[in-house]
Amino acid sequence: MMCQECKVNPATVHIAKIVNGEKTEMHLCEECAKKKNFNLMGDFGSLNFDFEVEPFSVQKFLSSFFEPVSKEIKRTNEPPKCDRCGLTFPRFTQIGRFGCSNCYTAFRGQLDPMLRRLHGKTYHAGKVPKRSGGKIRIKSEIEKLKRELQEAVNAEEYERAAVLRDRIRELEQKLANN
């Protein structure tokens, strides 16, 4: 989309105003927006934005998820380090990428809490199509229940384990009938 003002540069500033259900939009390039200084008294009111903002950095965004872990590591004497490439965890949080495939193993203890915050899980669960994924969903549910069953047995929660066992049998029967 081109700037509505100069009609030369691409529009990077988009303003939308909705009053009484009527939407008014303005699309400007950064230069025209600076010239107008967003003092668009009238249709858009008075808007002042500072364009001296740092550009978006994926590395800074990702490193923000590691901040609590990084602070904890700084309190210890020796930060975790990859045996193969020598990358330290604080350096990883700065550059936003690993040095080698071994880094995943070397930094697993620091990655798990971050992955849990981001995804709610520390493993890839994937997605299943709703229409054709009935059997896949049932198999996935059975695997999940089996993991829970093993945890219940290890914790000696036998009543919960029996309920999980029965649910697994029920789903396996359902799978066999389809």
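Procedures and definitions
- Residues numbered from 1 in each chain as written.
- Predicted model: local features only at pLDDT ≥ 70, side-chain atom pairs only at ≥ 80, totals over all residues.
- Heavy atoms only, no water.
- Pairing = 2+ DSSP bridges.
- Helix = DSSP H or I, 4+ residues; strand = E, 2+ residues; numbered from the N terminus.
- Expected span 1.5 Å × (residues − 1).
- Buried < 20%, exposed > 50% of the residue type's maximum accessible area, 1.4 Å probe, protein only.
- Arc of directions from axis to C-beta.
- Contact = heavy atoms within 4.5 Å.
- Salt bridge = Lys/Arg side-chain N within 4 Å of Asp/Glu carboxyl O.
- Axes fitted to C-alpha atoms, helices over the stretch in contact; angles between N-to-C directions.
- Parallel < 35°, antiparallel > 145°, perpendicular 65-115°, else oblique.
- Left-handed = near helix turned anticlockwise from the far one by under 90°.
- Nonpolar A, V, L, I, M, F, W, Y, C, P; charged D, E, K, R; others polar.

Draft legend 1. Region of interest: the pairing of strand β2 (residues 22-28). Pairing analysis gives seven bridges linking strand β1 (residues 13-19) to β2, with the strands arranged antiparallel. Note on β2: the bridge partner recorded for Ala16 is Glu25. In this structure, the hairpin formed by β1 and β2 is closed by a connection of two residues, where Asn20 is found at a positive phi of approximately 50 degrees.

Draft legend 2. Examining helix α7 (residues 158-177) more closely. Taking 1.5 Å per residue, 20 residues should reach 28 Å; α7 reaches 28 Å between its end C-alpha atoms and fits that length. All buried positions along α7 are accounted for by Ala161, Leu164, Ile168 and Leu171. Here the buried residues of α7 occupy an arc of 90 degrees about the axis, which is enough to place them on one side. For α7, exposure combined with an orientation more than 90 degrees from the buried face picks out Tyr158, Glu159, Val163, Arg169, Ala176 and Asn177. If you follow the buried residues of α7, they end up packed against α6 (134-154).

Draft legend 3. The arrangement of α6 in detail. With 21 residues, α6 should cover 30 Å at 1.5 Å per step; its first-to-last C-alpha distance of 30 Å lies within 8% of that length. Of the surrounding secondary structure, the elements contacted by the buried residues of α6 are α7. Glu156, located one to two residues past α6, shows a positive phi value of around 60 degrees.

Draft legend 4. Quick look at the pattern of salt bridges. Per the stated rule, a full pass over the model turns up nine salt bridges. Between Arg108 and Asp112 there is a salt bridge; the shortest N-O distance is 3.6 Å. With Arg108 and Asp112 both in helix α5 (residues 108-119) and four residues apart, the pair spans about one turn of that helix. The salt bridge involving Lys144 is made with Glu141; its shortest N-O contact spans 4.0 Å. Remark: Glu141 and Lys144 occur in helix α6; sequence separation between them is three residues, near one turn of the helix. Three or more residues are tied together by salt bridges with common partners; here these are Glu141, Lys144, Glu148, Glu157 and Arg160.

Draft legend 5. Representation of the packing of α6 against α7. With their axes 9 Å apart at the nearest point, α6 and α7 run at an angle of 160 degrees to one another. The orientation of α6 relative to α7 falls into the category roughly antiparallel. Pair α6 / α7 crosses with left-handed handedness. Here Lys135, Ile138, Lys139, Glu141, Ile142, Leu145, Lys146, Glu148, Leu149, Ala152 and Val153 of α6 come into contact with α7, specifically with Tyr158, Arg160, Ala161, Leu164, Arg165, Arg167, Ile168, Leu171, Glu172, Lys174 and Leu175. Tallied by class, the residues present in the contact of α6 with α7 amount to 12 nonpolar, no polar and 10 charged.

Draft legend 6. Broad picture of unusual backbone geometry. With a phi close to 55 degrees, Lys7 is a non-glycine residue in the positive phi region. Note that Lys7 resides in the segment before β1. On the basis of relative accessibility, which here comes to 60%, the residue Lys7 falls in the exposed class. A positive phi is found at Asn20, a non-glycine position, where the angle reads about 50 degrees.

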